[in-house]
Structures are given as C-alpha cells and as structure tokens.
Amino acid sequence: MAAGRGHLRPGSYLGDVSALSFLPSAARPLLLAGTLLLLPSLFPSLLGLLRRGTVRTGSELLVYEVGAARLIASFQVFDGVRVHGIEPRGGGPSCSNYSLAVFGERRVKLFSLGVGLDVDVDAEDGGVQLELEQRLPGFDHWVLDARFLEVDGLLAIGLSDNSVALWDLSQLVLVNRVKSPEKCLLYSMRMWGNSVTELLIASGTILNEILIWKLAPQILEPSLLCSNEGDTQGVNNYENVLLRDKQYIAVHLGRLKEHEGSIFRIAWSSDGSKFMSVSDDRSARIWRLSFQSQNFVSQATTQNNVEIIPELTLFGHSARIWDCYVSDSIVITAGEDCTCCIWRMDGKLIKMFKEHIGRGIWRCLYDPSSLLLVTAGFDSAIKVHHLCNSSFDIVEDKVASAGLNYDSEVFVISSPTVAGQYGPLDSKSEYVRCLHFAEENVLYVATNNGYLHHAELSSLEDVRWTKIIQAAEKAPIICMDVVTTYSEFSLNREDIVALGDGRGNVTIVRLTSCNLEPKVDIIFTWSAEKDRQLLGVYWCKSLECSYIFTADPRGSLKLWSIRNALFPNTNDISASKKVSLVAVFESSFGARIMCLDASPQDEILIAGDKKGNITAFPFPKKLIVHDSSAAQQKIPLCDRFKGAHGISSVTSIRIKNSTSDHVEINTTGGDGCICFFKYGRTRKIEFFGMSQVKELGTIQSVFANLASEKQLRCTYAIGFTSADFIIWDLENDTKMVQISCGGWRRPYSYYLGTVPEYQNCFAFVKDYDIHIRRHWTATQDKKLLPQVLHLQFHGREVHSLCFIDQASYSSIENSSHLCVATGCEDETVRLTGYSTDSSGRWLSSKLLGEHVGGSAVRATCFIHRTYTLIDKSCNDRSNGTFDDTVLENKENTSLLISVGSKQVLTTWILQPRVAENRQLCLTGLDVDSKQSSENTEDYDAAMSFQWLSTHVPPKLTRNRFKAGHAKQNFEEGNSSAVQPNLEIMDQMENDWRYLSVTAFLLKHVATKLTVCFVAVACSDATVVLRALLLPSRLWFDVALLVPHASPVLVLRHIIVSASQYNDDAGYTYLIVSGSTDGNITFWNLTETIHDFMQQVSEIQPHMAIDCQKRPKTGRGSQGGRRRWRSLTDHSLKKQNGETALPDGSKQSISCGAANSSETYAVEESDDSTNTQSIALEESDGISTQNTMLSSNQSCDIPEVRPMHIFSGVHQSGVNCLHISEMENCSCSEPHRSYRIISGGDDQAVQCFSFTVESLASCSTNRTRLNLHDNKALKIVHQHKVPSAHNAAVKGIWTDGIWAFSTGLDQRIRCWKMQSSGEFAEYSHAIISVPEPETLDVFHDRAKKKYQIVVAGRGMQMVEFSPPEGDFGKASGVV
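Residues numbered from 1 in each chain as written. Predicted model: local features only at pLDDT ≥ 70, side-chain atom pairs only at ≥ 80, totals over all residues. Heavy atoms only, no water.

**Concerning unusual backbone geometry**
Both trends apply: most residues other than glycine have a negative phi, and most peptide bonds are in trans. Pro 1031 follows Leu 1030 through a cis peptide bond whose omega is 5 degrees. The residue Pro 1031 is located in the loop between β72 (1023-1030) and β73 (1034-1041) in this model. One non-glycine residue with positive phi stands out, namely Arg 282, at about 70 degrees. Relative to the elements of secondary structure, Arg 282 occurs in the loop between β19 (274-279) and β20 (283-291). Of note, Glu 1331 is a non-glycine position whose phi angle comes to about 50 degrees, a positive value. With respect to the helices, strands and loops of the structure, Glu 1331 is situated in the loop between β93 (1319-1326) and β94 (1334-1340). (Helix = DSSP H or I, 4+ residues; strand = E, 2+ residues; numbered from the N terminus.)

Okay, here's the thing in structure tokens:
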C-alpha cells in the first residue's frame, strides 16, 4: 500500500462479504468456473467476489484459486458506493475474457476481466487483469439485480422502485425503462432469462408480498416512434424511450402473500420453471410456474396464461434467512443463525453446516457441476465445501441427490456370541463391552463373557468373524487397548491386543494379519490386580509394545515389562512366560487414571485422572532397561495440577518434545477444552494456554494428519456433543463428521486415515448390534480442498483494538509486519497480522481466547514498558525522594489486558519465540486460514500470547444498598458511600460491565516481583485500581477512585518523570478519565501505589497464598473444586470505617485486599494490633492454614479523590481521549508538557496542553477548562473544533504533532497540531468500516509513516505519510 506524502490512503478491509459469483465458461455459462476447463492444472476453479464497503478505494474485487486457497488478484472497483452484487458473462470456448456487471447502491459498472493462459502463477497479479469498460449513469433508486440478455445485447437492471432498465451494451445508452404497474418499494428482486421477451422478474416487497411480472413487446406506429438520442446522465425520463422499433410494457403475472415477513432474497432455477423466496419469517418457499401456452414468453398477454403453484415450504432456521439456491433436486438456504442448510426437494433436511460465527451468512453459492458450495458472511470468512466429500448423517435412508456421491457406508453387524439375542440386558446377557479399530477393515470386539473377536470388514455382504480367545471364563472384559506394528522381515501387520478382565488379569494376544484370517502368534496372562480392581490397560507409543500400564480405582499406575514374554527366546522357554512389575506410580488425588503419556527422553510421565487432575512423575531412563531380577520401584510424584479440566475427566495426554528447557503437554477433557501446559527445569507444571471448542461437549483426543506435501496439514478434535460423534477441523473451524450414536457412554471406536475428510470410520454399540459408519476413499490422486479462502475475523462488532508493539516480539528492525489485538461483542479476543509492504494485506487472524461466561469484550490495553522500583523507594519513604524509578529496557514483561461485560478482566502475557512447529497443539492458537506464505510464517513464529490470569467478581448474596443511594450520597457529599447498586447486580447476575481499562507495570527489585496496576471503569460509575502480582497471579483491590456521578467511558494514565520537578516531589502516577457527563478528571495515585508496594515488600503474600492456575471457561470447568475457609463466619460484618468494594469483598489492609473470587479470602481480625488473617485455599491436598501478616496501616481500602476535574469539556459523553508527551512546547516552564485530545458525542474535538507541577497535598479542584488557576495542572494552550465530524467522534490518537480521529460519519481525519496548541484538518478519507467504534495508530519512525487501524463492523488499515520536512518530533505517546 504505497501512500502519497500528505494523504490518507485506505488499505485492505477485513469485514463482511456481501456478494459471490463463479466465473462461467462458454461451454456451461451458468456457474461453472471457466478456467476449470481451459486450464485444469493452472486454475482448477476461480471464484470472484466483492467485499462490501463504502470507501473511496475500499470496494475490492478478489479472484481466488479455490484449489490452492490462493488469492490470485484484487482490484478496486467503486468510490464510496456500497457493493451489492456481481453478474458475470463468459466468452467463447477459446476466449479468456469475461464481462462483469458490478452494482451497488445506485450505480452499475461494467468491467472486462482477462485471465491469461501462459502466465506465471506466482506473478503478483496472477495473470488476471481488470479493465473498466462502461460506467452507467446513476439511477434514482437502488440497484437490486443485473442480468445480461445475450440475445438482445442488453443488460437488464432491476431497481428498488419495481422497475427494470435496459442498457444497450454496444450503443452505450439506456434505451428503455419499464415500471411495474404494481408500484411498491422492494427489499429484493431477481430476474431470469436471456432475452427481453423471456425475461421474468420476481420482486419482494416491503409489504411481505412477491410480485411476478414480465416485459411484453408493444408494436408502435411509425408516427409514435421517438428518438433515443440525448443526454444519458439522468434516467428518470426514459420510461417511454423505445428499444429500436419496439416499446415494452409490464405484464403482471401474480401476487404471492404467503410470507409473513419481508422478502430478503429470491432465486430462480436454471430453467426458469421455479423460483424460491426466503423471508424474515424464517421460512423458505418454493414456487412453480405453469405456462398454459408454449409461446407465452413472446406474447403480451395477462396473468391468465400462467399459474404460480406453491410447491414446498421449509422451516428449520432459528433466525432470518438471507440467501438461497434452488435446482431440480436440491435446495440450499443460509441465514442469520450462521447455518447453511441443504434440503431435498421433498423437504427433508440432508445436511446443516454451522461454521460461520456472528451475525450470519450473507451469501451462499453452489456449482452443480463441481459440487462446490461456497458461503460467506459477517465474519469475513469464505468457506468452501465439496459436497461429495461431506459426511452426511443419514443412517436409515441414504440419499444421493443432485449427483452427490457420498462414498459412505452405513451398516449393522453383530458378533457371533451376541447375534440372535433380544430383549433387555441383564447380568447374564452376552453383550459387547469394548470396540477397537485396528484399521478401516479390522475391528476387534470384546464381550461381557470374556470373548475376543476379530471382524474383517472388507466385504459388507460377507463380514468374516474370527473367535480369538475367551480371556476369562464367566468374567467380563473390562478394558482393551490395541497397538499395531509392522514386522521388519515380512512387512505384515501385527496387532497386539491387551485385555483386562473383571478378575484383575491382563491377557496379551499377538496376532499377525493373513489373507483369510488372523494368525495368533502368542497369548499369555498374568494377575495385575485383585478382583474388580483392574480398570484400565494402556499402551504408550514412546515405549512401543515392550511395556504396558495398568490402572486401579485408587489412582495407582503399574508399569509392566512384557518384552521377554512377548518376544521369547526360543532357547529359553521359561523366559517367554515372564512378566515383571517395573514401577508403581501413585497419584495423590486418589482418582482413577484415565490416560497417560511418557517421554523417556525427557524422563517424565504425565497421567490424567477422572476428576480432571494431571500428575507428573519422574520417569528415569533406567526404568526401560529394567532388570527383571531387580525389585520394583515406587515412584513418588514430582508435581501435580489440580483441576486441569475442572471436575471433568481428562481424556487424552500428549507430551511434545522440545529443544528448549521445557516440554509441552497437551491435554483434552470432558469440558470441551484443549489445554496446554509446560514442564521445565523447575519441575513444575505450568498452564499457559487453552483452546475451547464450543461445538463439542467433550473432546476425546486431538488428531494431526500426516498428509503428503501436496496435501495441507490439519489438526482435528474428536469428541461428542450430547448424543453425536463429531470430528471438528480446528484450523478451519469446520465440522467434518457428525454421527448420531447416543453419546460417549456407549462402547465406541473410531479410526482416521491420512486425510480425515476422505477417510474416517466410526463404530458404536446400540442394544446388541454394532453400528458402523465408514467413509473411505483413495487420496493419492486427490488434493484436500481448502475449507477457508478468506480470513475469518470477528462475527460481530469490534469495540476495541490496540497495536502490539513490534519491539515486544521482534528483534528485526524495520519489520513489515504489524499485529493488532481486537476485542469484540462475540466475547473473543483475536490477534490479526498485517503486512505493510506493497501488498498491504491482512496476513492471518488467530483466536487468542474467550471471556468467561459469554461476556462481550469492551476494551483492550497493551503494556510493553516496565518501570523498575528500587527498594528504598518503598521502604525509605521518610526522605521524600523517589528518584530511583527508571524505565527498564531489558527483560520487559509485555501484557495484553481485555475487559468486558460481567466485570471480566483477563490478562495475557506475550512470550516472544521462534517456533519449530506452529500447530494448534503447540501454540494453543487457532489459525483460521490455510492461506500461508513465508511472510505469514515468519510473523506467526515471532510471538505467542499465553493466558496469564482472569479476574471475575464473586456472585454476591449479602444485603446491598438500595437503588439510587449512590446518586443521593454523591449529591450530599458522602463520597465514601458512592457504591454500585449491588442489590440490582445480585438480581441480574452481575449485569455491570467494564467500559475502559488502562494499566502499567512496576517491578520491585528487592522482592523481584512485578506488579501490574490496572484501572478499570465500570458501568455502575465506579473506577477501581487493581493490582496483579507476577508471577504469582494474585489480584488485589488497591483503591477506589471516587466520586463519580456518571459512568467513565475512557481511561488513560500518565507516569511523570521525577527529573522534571524542581522540588524533588517524586515520581507521579496519574489517571485521566472521560465520562458521560462530558467531564475529564485527573487522579493522583502516587501515594496509594507506593503504599501498596511497601505492603507487598513487607507482607509478601505470594509466599503464603496459592495462585490462580487456569481460567474458568463458563462451562463447568472451574479449575477444580475450590473450598474456602475463613477464620470467622463467611458473611462479614461491616465494621467501623470498612469500605465495600464493587465486587463485594471488604478490605483489611491499606494496599487493598486480595480478590476472594480467585484464590483466597481476606478478613479483618478482631485483634487490637490490627493484624491481618489470610484464609488460604484448600487445594492440592494441602490443609488450610492461617497466616498472620502484620501491618500498621489503615484497614480500609483507600479512596482516592480527584486532583482536578475539568467540567463541560464536551456537551455530552467523552467517547475517546489520548495523551502525548511533548518535548518542544512554546511555554517557558521547565516542566514536562503534555497534550490531551478528546472526542465526544457532540461531534467536537478538544485539545489542551498542560504541565504537571508539584502534586503534594493537592485537593480536588473543579474548574472549567478555560481557567488556568490550578496549582497542580497548568493549562498552557487549548483549542476546540466544534464540528470536527458530522457524527459522534469514536476514536482519536495523537503524538503531539499529528492527530487522527474517526467517527460515525465513516471518515478518518488527519489533524496538524501546531506548537501554539491549535490544530486544523490536514486530510481526510472515507473508510470501509461501517459504524466505526475505535482507532489506534502505529508510528513507524524508520519509514516515516503512520499506520492507522479503524474497527467497528470490520477492520481497515489506513496509511499516512507526512510531507517531507514536516515529519515533526514528539516525545511519544504516554
């Protein structure tokens, strides 16, 4: 994106997609991609699409190569016009040029799209060129549809006043405009036909009706002919203009009133015999046209010649339906509920895709020749499905409509010992206990009476059963595990089956695959546990088949060596029967071990139990070289993690080898989460990330395919909903398989091939039968179809964003990659990469995480600076100097903070890294697109955010203030009683939300603790200063900023350097807020922060209090069962001087109390010495203890009153403000000067410069902004532009030299700041983002550019390059 000096240049827009179209070929001019026939090896198929936008350079035409998910080319097509659709027209068989009619709002443009035959596919333009052919004059109504009439050489244009205009493509004139006799405004219109005489129009009105009409010729006398010459700039007078020697009139055919809502979309079948309509009433209706005369299309007759017959009504969407497709055999609908449904013509639902997020799917597109289904919606994603490879959940009735070939087999079998049994099950019944696939054609079945069967499934008509063994007579087989190996000599497959029965015996069976039936090579049994104490047998891949684990109900694992028994020495017969116990591992949780993994290289064993805990054991290498004569070893645990998956079972564990000083551990659980841990030299398990799959109630495992180089590598989650088995593509956020099976509690087994889209098997038991669903096709000659063509972004409005500073994660100077963190209404935080080179494209978008309990993200804040606090600044406060605080430049901690609804505050820590493998299982981040390049890979490898901590207020049940007390107390001057309406908050389950956040980091040298001070503004008109202790992750409420009569919308902070003062007053920490009453308020937090740091250095609570270990997911996964004990009754009694916090906790130390919602509770002791008692969490088997911490300070949370209030800065709410620190100022004072710029609902932009003087013993001073008599803050300059925008100002930024603002008028404005304090508009641009909410700027000093990112309904980057010699110099952004 090359920007001219002094001009704003909007770049790529990432937002909702509103139009899709395939490029047709001459052979099949409907929806077939033309280059599929012309260049099958170069362009398997091309998809052209238009992204909606209203920017001067923002409406783009994108051309994709579907097979490779590669963007071929992009073009700008409109200036300030919203795009609604594309109508393509193909050329001849040997022609590679296509005509496109692009329409939006009231304008239509005709383009020529050329696709080169002999081109380099790696060329920048991909061999695709777009040229403007014709620019039609503006219409007086919105354009709803366009249709090329090949026979007449015309373009028919449907308008929202229910009229059709005809444009002559050769003469470049508008030759006719016909209005329907039924005059009505329309929501939708679709036309069908290749000539004027056969043109049919279906109009969806605002009155919930569908009007069907057509154009009929009317022959005129020569005297009535009129010329069509003249100006074509206006089209209002063309209603009676002639088309050659004919005039056309509208013929009304029918009015349909069956819909009960607005008609959003209409689609015609390819032959025009039927059409389909979708509506606001959540229904889709299909209508058939019956013509009484074969020559009807050429006759100027009435509606008596046609009958419109309703054929089918479809209900299945839970919200409005936006788009549809209809053919002779299949119907497709897409709606606001983010689902795309495929129906048969009899009304039966075949398949439902639900893979988009947010506000819905705008468009669906289907090609019956290639069976490609494309969907696009609000989330910016363009997803492709190949219906012949989609897994349809049809068991009883296998359907193959519209030529769909599912390649799926659904059948039912019964084992020989179970077949023929009917009726209810009892203790003596023979039934299936365990299933296990060895490969797609081999299934092992274990029964209740100890039988093991082998089923050969190559031929469904002749399933071959082989009885292998009866492991224990009259004893059920409790557990089974199978490992497959291949012989080094014969290359035959060997299956080694481990069986555990009810008598505690383990039986090992080794089988070799043969042509007819399996051959049993060896069988041996030994007693591993007492009766009914053997619950699990587990192979470990890293140990191969020489060792096996057994588990009992009490959390014990036993490691057995079976090498000598499984591979006996022919000369030593006795050794073939020898099985030895190597080691015993006992978990302290006392719960059954459900899964495990061991790494002899890293000498660690990780086990997960039924209650969601994981335990780490040392696994020395000497165990696997165990001498059978040596005594067994009892291995103690080295660490454990309680509640890794809440109270849900851990279902799988995988240890990943790492070249760094730690190993990574990936676990899945019954809470539907994938968790990421690391285990390092400290021998501690540390949680660092989590991925939550909403569509799965429980995840059984994560599978990474081993595709060839021609196939793209994917990661899949295998799990269940309440009653369905699901395979979920994690990278594309796509449901690959869904099978109704009754849930995970029944015996089941699955097997996945190289590419699970093509190769998957699933078997489950129902009653006495085994139901098998197998989808297995060869993949050698196939290439996995990418599921996502365009980046998936947020599915709803973005409320906040911030740049991630490059210096925090990249050591490369002048990097061309930027990273933006965004918080959205859809509860998610995402990281999106952008390339600032000539391409100017969004590189990738990753889901960082979700807020707890479905809370919308309202504000974000990135912290990349850490200030060091020397010990004497906290402990030697008597000298009054604080000149030891310096900016720390090495080993900085970088945090990302997000806040939102339900008072959720989440912190993420940035960990720069160079990854060797960027799969989801390594990073914990979802990559939503398979589009990749070397630049994208370098960007992804540069950094990784990890979850750090989440602060959620507890659910309160105590009595609270009545409604209105806060306002009354404020008016009466009683600021200590200014509290939120907590009674209403209890009743509404905490409906308060955070509106803004600002934060900074301080590091205490003596204690080596880093404290993150976070100021949050709540919708209940409170502002609270909280502190997060690192690395212990302890939260404290530090201070309450009072009073506030109105909610605060924006917060910023200033850290004033001590070197700027003459009186050595010390370093100063200021908070600046803008509220809904138009005021800007300053708080001085210096004393409060130093008091807190001193308390921390003395008490050191992190030494006695356990930290928060993992986030709550809001799905029953609460990080383990937590029991709280306090020294007195849980219901605290209000004491003299005690202040209640907004979260309901009460304070007992001046530095604030640690938040009880996370890990512990704090209460005030009755001791007259004013000591504190901290009640620790009873967790991990450690008994609760009481730790007495002394303090000489007050026992109330400090209330900080504002140092200065500027009233009436804006006439209404202050929506945004920004602060910059200035080096050069016209004022003569030696103090550091600052500049604040703000924007509000009053459309004004206000700027004032000020200096900070001595803040000692200052009191609250309320003034108008134009008064300069405050001793603490001295206003130097001020300037205001009353009508800076035509609507409310939503985002603003300045560095003191240049300022940028955006508002609801969809403009971004650049302001030039003068040293006198005045500023004037320098440049402006229209942006593509509808309803912009926020703005941030990255100042690239090396390239002398500003990168401005604006977000709202989507996100867009804008570049600004100051004129040469006018770059300016500012100290930087605070």
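**With respect to the packing of aromatic side chains**
One pass over the structure, following the stated rule, counts 45 aromatic pairs. When the ring of Phe 524 is compared with that of Trp 526, the centres are 6.1 Å apart and the planes differ by 20 degrees; the resulting orientation is stacked. Taken as a pair, Phe 524 and Trp 526 share a single burial class, namely buried. Here the aromatic rings of Phe 687 and Trp 947 are separated by 5.2 Å at their centres, their planes lie at 80 degrees, and the arrangement is edge-to-face. Highlighted residues: Phe 687 in strand β50 (residues 685-692) and Trp 947 in strand β69 (residues 943-951), separated in sequence by 260 residues. Among the residues examined, Phe 687 registers a relative accessible area of 1% and is labelled buried. One aromatic cluster in this structure is built from Phe 720, Phe 725, Tyr 748, Tyr 750, Phe 762 and Phe 764. (Phe/Tyr/Trp six-rings, centres within 6.5 Å; stacked < 30°, edge-to-face > 60°. Buried < 20%, exposed > 50% of the residue type's maximum accessible area, 1.4 Å probe, protein only.)

**Topic: the state of the cysteines**
Evaluated as defined, the whole model comprises zero disulfides. In this model Cys 802 remains outside any disulfide bridge; the closest cysteine sulfur is found in Cys 861, 6.9 Å from its own. (Disulfide = S-S within 2.5 Å.)

**Details of the sheet that holds strand β48 (residues 662-669)**
One open sheet accounts for four strands, arranged β47-β48-β49-β50; its pairing is antiparallel. Only two strands of the sheet have a single partner each, and these edge strands are β47 (650-656) and β50. Direction aside, neighbouring strands of the sheet carry axes that sit 20 degrees apart on average. Relative to strand β49 (residues 673-680), β48 runs antiparallel, the two sharing seven bridges. (Pairing = 2+ DSSP bridges. Axes fitted to C-alpha atoms, helices over the stretch in contact; angles between N-to-C directions.)

**Some points on the side chain of Ser 370**
As for its position among the elements, Ser 370 is in the loop between β26 (361-367) and β27 (372-377). Judged by its relative accessible area of 14%, Ser 370 falls in the buried class. For Ser 370, the side chain forms a polar contact with the side chain of Asp 367, separated by 2.8 Å. (Polar contact = N/O pair within 3.5 Å; in protein donor to acceptor, adjacent residues only side chain to side chain.)

**So, the nonpolar core**
Ranked by internal contacts, the top residues of the largest apolar core, which has 34 residues, are Ile 606, Ile 614, Phe 677, Tyr 679, Ile 804, Leu 896 and Phe 945. Examining the composition of this core, we find that four residues originate from one element, β49, more than from any other. Residues in contact with Tyr 679, not counting those within four places in the same chain, are Ile 604, Ala 616, Cys 638, His 662, Val 663, Ile 665, Lys 684 and Ile 685. (Core = buried A, V, L, I, M, F, W, Y, C linked by side-chain atoms within 4.5 Å. Contact = heavy atoms within 4.5 Å.)

**Re helix α8 (residues 1086-1099)**
Taking 1.5 Å per residue, 14 residues should reach 20 Å; α8 reaches 20 Å between its end C-alpha atoms and fits that length. For α8, the tally of buried residues reaches 11 of 14 residues, placing the bulk of the element in the interior. Regarding α8, the residues found buried are Thr 1086, Thr 1088, Ile 1089, His 1090, Phe 1092, Met 1093, Gln 1094, Gln 1095, Val 1096, Ser 1097 and Ile 1099. In the stretch just after α8, Gln 1100 is the one whose phi turns positive, near 50 degrees. (Expected span 1.5 Å × (residues − 1).)

**Here's the deal with the pairing of strand β1 (residues 8-14)**
For β1, a buried count of six out of seven residues is recorded, marking the element as mostly surrounded by other parts of the structure. Pairing of β1 with strand β96 (residues 1354-1360) involves five bridges; the strand directions are antiparallel. Bridge assignment links Leu 8 to a residue of β96, and that residue is Phe 1360.

**A word on the confidence of the model for the protein chain**
This prediction gives the protein chain a mean pLDDT of 76; 71% of its residues lie at or above 70. Predicted confidence for residues 296-301 stays below pLDDT 50, and this span has 18 contacts to residues more than four positions away or in other chains. Contacts of residues 873-890 to residues separated by more than four positions or lying in other chains number 41 contacts, the stretch itself having pLDDT below 50. (pLDDT = per-residue confidence, 0-100.)

**A look at the sheet that holds strand β38 (residues 536-539)**
Taken in spatial order, the five strands of this open sheet run β38-β39-β40-β41-β45, and their pairing is mixed. Looking at strand neighbours, the two that pair on one side only are β38 and β45 (633-635), the edges of this open sheet. Averaged over all adjacent pairs, the angle separating strand axes in this sheet is 25 degrees, with direction ignored. Where strand β40 (residues 556-561) lies against strand β41 (residues 580-586), six bridges are found, and the strand directions are antiparallel. Across the sheet, Ser 556 pairs through a bridge with Glu 586, a residue of β41.

**As for the environment of Gly 743**
Summarising the element assignment, Gly 743 is placed in the loop between β54 (734-740) and β55 (748-752). For the pair Gly 743 and Ser 722, spaced 21 residues apart in sequence, the C-alpha separation works out to 5.7 Å. When sequence neighbours within four positions are dropped, the list of residues in contact with Gly 743 reads Phe 720, Ser 722 and Ala 723.

**A short note on the environment of Trp 1035**
Relative to the assigned elements, Trp 1035 resides in strand β73. Between the alpha carbons of Trp 1035 and Phe 1013 there is a distance of 9.9 Å; along the sequence they are 22 residues apart. Here the side chain of Trp 1035 touches Ser 949 through a polar contact of 2.7 Å, side chain to side chain.

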